[in-house]
Amino acid sequence: MTRVIIVRHCEAEGNKARVFQGHTDADVSENGRVQLELLSVRCRNMHMDAIYSSPLKRAYATAEAINRYHHLPIQIEPGLIEIDGGEWEGEKWVQLPDLYPEQAHAWNCEPWNFATKQGESMRHVYNRVWEAVCRIVKANPGKTVCITSHGCAIRNLLCRCMNKPIEELNTVDWVDNTGISIVDFDEEMHPRIVLLNDASHLTEETSTFAKQSWWRPENRGSDRFD
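None of these values were measured; they are calculated from a predicted model. (Residues numbered from 1 in each chain as written. Predicted model: local features only at pLDDT ≥ 70, side-chain atom pairs only at ≥ 80, totals over all residues. Heavy atoms only, no water.)

What to know about the pattern of salt bridges
Stage number 1. Under the criterion given, the structure shown has eight salt bridges.
Stage number 2. The salt bridge involving Asp198 is made with Arg42; its shortest N-O contact spans 2.8 Å. Placement of Asp198 in strand β6 (residues 191–198) and of Arg42 in helix α2 (residues 30–42) is noted, with a sequence separation of 156 residues between them.
Stage number 3. Exposure remark for Asp198: the relative accessible area of 19% places this residue in the buried category.
Stage number 4. Each of Arg3, Asp184 and Arg192 takes part in a single network of salt bridges with overlapping partners. (Salt bridge = Lys/Arg side-chain N within 4 Å of Asp/Glu carboxyl O. Helix = DSSP H or I, 4+ residues; strand = E, 2+ residues; numbered from the N terminus. Buried < 20%, exposed > 50% of the residue type's maximum accessible area, 1.4 Å probe, protein only.)

Description of the side chain of Glu82
Stage number 1. Mapped onto the elements, Glu82 comes out in the loop between β3 (74–76) and α4 (96–99).
Stage number 2. We note that Glu82 is buried and unpaired, the nearest opposite charge coming from Arg58 at a distance of 5.4 Å.
Stage number 3. For Glu82, the side chain forms a polar contact with the main-chain nitrogen of Cys152, separated by 3.1 Å.
Stage number 4. Apart from the residues lying within four places of it in its own chain, the contact partners of Glu82 are Gly22, His23, Arg58, Glu120, Arg128, His150, Gly151, Cys152 and Ala153. (Lys, Arg positive; Asp, Glu negative; His and termini not counted. Polar contact = N/O pair within 3.5 Å; in protein donor to acceptor, adjacent residues only side chain to side chain. Contact = heavy atoms within 4.5 Å.)

Digging into the packing of aromatic side chains
Stage number 1. For the structure shown, the criterion picks out 14 aromatic pairs.
Stage number 2. A ring pair is formed by Phe20 and Trp107, whose centres lie 5.8 Å apart and whose planes are at 75°; its orientation type is edge-to-face. Taken together, the positions of Phe20 in the loop between α1 (13–17) and α2 and Trp107 in helix α5 (residues 101–109) put the pair 87 residues apart, joining distant regions of the chain.
Stage number 3. With a centroid separation of 6.1 Å and 90° between ring planes, the pair formed by Trp88 and Trp93 is classed as edge-to-face.
Stage number 4. Judged by its relative accessible area of 0%, Trp88 is buried.
Stage number 5. Ring pairs connect the aromatic residues Phe20, Trp88, Trp93, Tyr100, Trp107, Phe114, Trp174, Phe209, Trp214 and Trp215, which therefore count as one cluster.
Stage number 6. Its guanidinium or amino end placed over the ring of Tyr69, Arg44 lies 4.4 Å from that ring's centre, counting from NZ or CZ. (Phe/Tyr/Trp six-rings, centres within 6.5 Å; stacked < 30°, edge-to-face > 60°. Lys NZ or Arg CZ within 6 Å of the ring centre and 35° of its normal.)

Next comes the structure, spelled out in structure tokens:
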């Protein structure tokens, strides 16, 4: 059995400002730095044999915080990167329904059909992230591996780990910044979720989701981006 600890990156400036940051390499916010302190303590006594990160600095900073008490080499895995938003990159979320009404509707209501003209389709992310994690698992048989990635990428990964097709992506919850999931893989690469989207190390003051509502299940299927 190989265990994969999946951690979403800390709050970045794009999360705070509510802009689409996808491949945009946004800096960590002030609150994100506080989240990292809490995360490092949370992960202090968690066994880890290896750490992998998305190449974006908000994910790498998260890996560094996790690694504070483990002192492992942090390996970059490009397949863990966030969705490439193309023309959406840097745009305010609240403005997207006006700028790109069909794409915005797909993002919230039919995410499996989402794609930008200059970026990446959701279906590609669904396959890309799964393939990246499979490579990591096969390279670390019987070990415990931590990966740091991104909200949309992790949502697609967890959908796959639940043995759901991408058409059921909207039944999968979003994860707060620095939220943790744990998935065990057997020798035949069958996943079993042990922990799902846990951010209990955060306080209400430090939680990003506590200040936002777009991620709530009741807002899926709407065109709300606040």
